[in-house]
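Observations on chain architecture
Each chain, letter by letter, is given below.
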Amino acid sequence: MKTNNLFRLSFWKSVSAIVIIVGLYSIISRFALGLGWTTNLSDLVPWGLWIGFDFIGVGLAAAGFTIAATAHIFNAHKYHSIVRPAILTAYIGYIIVILLLIIDLGKPRNFWHPLVMWNPHSVMFEITWCVICYSTILTLEFAPIILEKFNLKAPIELLRKISITVIICGVLFSTLHQSSFGSLYLIAPTKVYPLWYSSYLPVHFFISCIAAGLSMIIFEAYLCARAFRQGLKVWVLSGLGKVILTVLSIELIFKFSDLLLSGKFSYLFLPIQETYFFWLEIIIGSIIPIAILSIPGYINDRKWLYFSSIFTISGFVLNRMNVSITSLVRTSGQNYTPSFYEISITLLLVVLGMWAFRLITKNFKVFETSFGQNSEAVETADLKQRELIFGK
Amino acid sequence: MRQQMGLLFDVTLCVGCGSCYEACKKQNRLPETNKDFLKDHLSNDTYTVVEQYKDNFARKMCMHCGEPTCVSVCPVGAFEKTELGPVLYDADKCIGCRYCMQACPYSIPRYEWSSTSPSVRKCNLCYERLKEGKINACAEACPTGATQAGEMNKLIDEAKRRLKEKPDKYYPEIYGLKEAGGGNVLVISPVPFDQLGYNTNVPKQPMPGFTMQAMEKIPSVVSVGGIFLTGMYWLTKRKNEIAREERINMRGEKNENE
């Protein structure tokens, strides 16, 4: 058993090492040779994998604001235990996205220009400011986790005093940020394929990120429980499952009413690539997880919650890739497949994010429960505490 | 304010000689990109092209919209619609997000992909020449008058006059007059424009409006959202306090009864 674990760990370590080395080589190449040499982007396909990945990174960070709001603004104490994993996920997600944005910019040394050169009409301007403001807020929300490790009480107390204001601002900036990714495409009604273009695109982006962000927490909790016996109680996870089920159903109904009301029914059954990708997204990201979570009992089962979260996240990834790549292929008249450099740089950031999450959850108090030898005692103590708060 | 300047391109007069193409290259000091100009396409070193469609020739270039998409989408305001008409780009401001390329309804902006500090490139409607009172290099070079430069109101009148006088010779529309709300480059042709590779799907209204319908909701989202969240915080906090007090009271009563 132990050797098996050791082997598994060193396997993932070597895979990560390879990804990191290859990724760093690609980053150096990208800056030394330029975007033309290292990416498959072109005049007619100016945005590719990286933009799609930015949407995904920010979308999967959505638990950061939804959970903070649920626990601290709506005062649902049940969810206190997942505020920290949610904020850590969001923080890592945003840092990855910022790094990737800078790599993606044609003139990265001008990245600070939006701070002083303003064009409030631009969605991209709104996005830039949302990234800046929400990253600052995440830093403030995340700081106590680091500070308490070093027992710095004064700054923690200060942060605690402003915490509600900070959280409210965080929710507002996140809402704007998530939806503004959808707004980016509003300006191109004739370029984006009708199955994805909608004047409600910002709303679709906002709703879908909530389910994906919460699924991310279930996903991480399961992996962490397996890796180092830290995790979350099942009644918290099934609470998340219920919210995910509701949000996925709302988005599915909303998406199809939007399509039907805007007269796009015929597009649903055209035998072309876009249609297949659309249905793949709907089946993987909506229908399967809704089905799993609707079966009685499955919502209280860690394993099924975990499976449904994988489907929700995959469907979400597919949706963002469809909007940013698939939907534009036809009008650009050019096929785009990401280059080796684009893929390896993206993988590098994913791997760095995973290791950052692992290291921080291991060394700082992120997950509240640790299932040690006395895990039963902890669970009982926890149950008592729960009764104390919520009554029997 | 001076009248805005623009170009009128009449497909019926174009003989496909490529003088405009050459003049543009010379004016903007652009290197040769193709031995046969008819086979060339827009690129960071080619701001205008002449394309052949059977017996007709069509010019492609920046349309210099009245309410340009690129101006509205650029996060740092690197694009500017000048009073004279040309839509200009400032490489010193640009951060390289390429939203202008993604958003342009005509897909005109081109990028210096092979550079390590790439800029966006496109026709500038010979802004420097217009400022000096000269006409555009392409119009000056055109031997047949197919490309004509002038003040916008005069060009529009001229285009309308030609369509009216020879209705059998022209397709009865002016391309660029209503597309994306109208711009400073107009095209008239004997055949429908989609047969000459012009994008006829471009909405007949200024493009920035498509984004504004979402952007204008931001203030209300922020204010309503802020008030709602603050309100919910106080409400739920108070609710929890009351619940806790009740529980303590109940426990107290229990103890008294015992």
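Bear in mind the structure is a predicted one, so any value in this text is a computation, not a measurement.

1. Notes on the overall build of chain B
Of regular secondary structure, chain B possesses eight helices and nine strands. Relative to its length of 258 residues, chain B is extended, with a C-alpha radius of gyration of 28 Å against a globular reference of 18 Å. For chain B, the C-alpha atoms occupy an extent of roughly 110 × 45 × 40 Å along the three principal directions. In chain B, which comprises 258 residues, the share counted as buried stands at 44%. A separation threshold of at least 6 residues defines the contact pool for chain B, and within that pool the share at least 24 residues apart is 61%.

2. With respect to the overall build of chain A
The helix and strand tally for chain A stands at 14 helices and two strands. For 392 residues, the compact-globule estimate of 2.2 N^0.38 gives 21 Å, and the C-alpha radius of gyration of chain A, at 22 Å, lies within 12% of that figure. Overall, chain A is about 65 × 50 × 50 Å in size when its C-alpha atoms are taken along their principal axes. Per-residue burial over chain A gives 45% buried out of 392 residues. Across chain A, contacts joining residues at least 24 apart in sequence account for 80% of those joining residues at least 6 apart.

3. Describing the interface of chain A and chain B
Counting residues at the interface gives 43 residues for chain A and 50 residues for chain B. Of all elements in the fold, only helix 2 (35-38), helix 4 (63-73), helix 6 (113-116), helix 7 (123-149) and helix 8 (153-183) of chain A reach the threshold of two or more residues within the side of chain A that touches chain B. For the side of chain A that touches chain B, the element with the highest residue contribution is helix 8 of chain A, accounting for seven residues. For the side of chain A that touches chain B, the residue count by class is 25 nonpolar, 15 polar and three charged.

4. So, the packing of helix 4 of chain A against helix 5 (residues 80-104) of chain A
Residues and elements named next belong to chain A. Running from N to C, helix 4 and helix 5 point in directions that differ by 155°, and their axes come no closer than 8 Å. As the angle between them shows, helix 4 and helix 5 are arranged roughly antiparallel. Read as a crossing pair, helix 4 and helix 5 show a hand that is left-handed. Facing Ala63, Gly64, Ile67, Ala68 and Ala71 of helix 4, the residues of helix 5 in contact are His80, Ile82, Val83, Ala86, Ile87, Thr89 and Ala90.

5. Some thoughts on the packing of helix 3 (residues 49-60) of chain A against helix 12 (residues 302-332) of chain A
Residues and elements named next belong to chain A. The interhelical angle for the contact between helix 3 and helix 12, taken along N-to-C directions, is 145°, at an axis separation of 8 Å. As helix 3 runs across helix 12, the sense of the crossing is right-handed. Judged by residue contacts, Ile51, Gly52, Phe55, Ile56, Gly59 and Leu60 of helix 3 engage Ile313, Phe316, Val317, Arg320, Met321, Ser324 and Ile325 from helix 12. The residue makeup of the contact of helix 3 with helix 12, split by class, is nine nonpolar, three polar and one charged.

6. Quick notes on the sheet that holds strand 9 (residues 185-188) of chain B
All names here are of chain B. Pairing is mixed across the open sheet formed by three strands, whose spatial order is 8-1-9. Pairing within the sheet leaves two strands with one partner each, and these edge strands are strand 8 (147-151) and strand 9. Each strand axis lies, on average, 25° off the axis of its neighbour in the sheet, ignoring direction.

7. Some thoughts on the environment of Asn201(B)
Residue and element names in this part refer to chain B. Position of Asn201 relative to the elements: it lies in the loop between strand 9 and helix 7 (208-215). Asn201 gets classed as exposed once you count the C-beta atoms within 10 Å, which come to 12. As for Asn201 and Ser117, which are separated by 84 residues in sequence, their C-alpha atoms are 33 Å apart.

8. Focus on the confidence of the model for chain B
When pLDDT is low, close inspection of the predicted coordinates is not appropriate. Per-chain confidence: chain B averages 93 in pLDDT, with 98% of residues scoring 70 or above. Across the interfaces of the predicted complex, the ipTM metric reaches 0.89, alongside a pTM of 0.90.

9. Observations concerning unusual backbone geometry
All names here are of chain B. For Cys126, which is not glycine, the phi dihedral falls at a positive 50°. Counting through the fold element by element, Cys126 comes out in the loop between strand 7 (120-121) and helix 4 (127-131). With 25 C-beta atoms counted inside 10 Å, the residue Cys126 sits in the buried group. The residue Ala180 is not glycine, and still its phi comes out positive at about 50°. Mapping Ala180 onto the fold places it in the loop between helix 6 (152-165) and strand 9.

10. Structural notes on the pairing of strand 9 of chain B
All names here are of chain B. Side chains Val185 and Val187 of strand 9 all project onto a buried face; the interleaved residues Leu186 and Ile188 project onto the opposite face, where all are buried too. Where strand 1 (residues 5-10) and strand 9 come together, four bridges link them in parallel fashion. Residue pairing across strands places Leu7 opposite Val185, the latter belonging to strand 9.

11. Structural notes on helix 8 of chain A
With 31 residues, helix 8 of chain A ought to run about 45 Å at 1.5 Å a step, and its terminal C-alpha atoms sit 42 Å apart, in line with that. Helix geometry: helix 8 of chain A is bent most strongly at Ser163(A), by close to 55°.

The rules behind the values
- Residues numbered from 1 in each chain as written.
- Chains lettered and ligands numbered in written order.
- Predicted model: local features only at pLDDT ≥ 70, side-chain atom pairs only at ≥ 80, totals over all residues.
- Helix = DSSP H or I, 4+ residues; strand = E, 2+ residues; numbered from the N terminus.
- Rg over C-alpha atoms; globule rule 2.2 N^0.38 Å.
- Buried ≥ 20, exposed ≤ 12 C-beta atoms within 10 Å, placed from the backbone.
- Contact = placed C-beta atoms within 7 Å.
- Nonpolar A, V, L, I, M, F, W, Y, C, P; charged D, E, K, R; others polar.
- Axes fitted to C-alpha atoms, helices over the stretch in contact; angles between N-to-C directions.
- Parallel < 35°, antiparallel > 145°, perpendicular 65-115°, else oblique.
- Left-handed = near helix turned anticlockwise from the far one by under 90°.
- Pairing = 2+ DSSP bridges.
- pLDDT = per-residue confidence, 0-100.
- Expected span 1.5 Å × (residues − 1).
- Bend = angle between axes of the 7 residues up to and from the residue.

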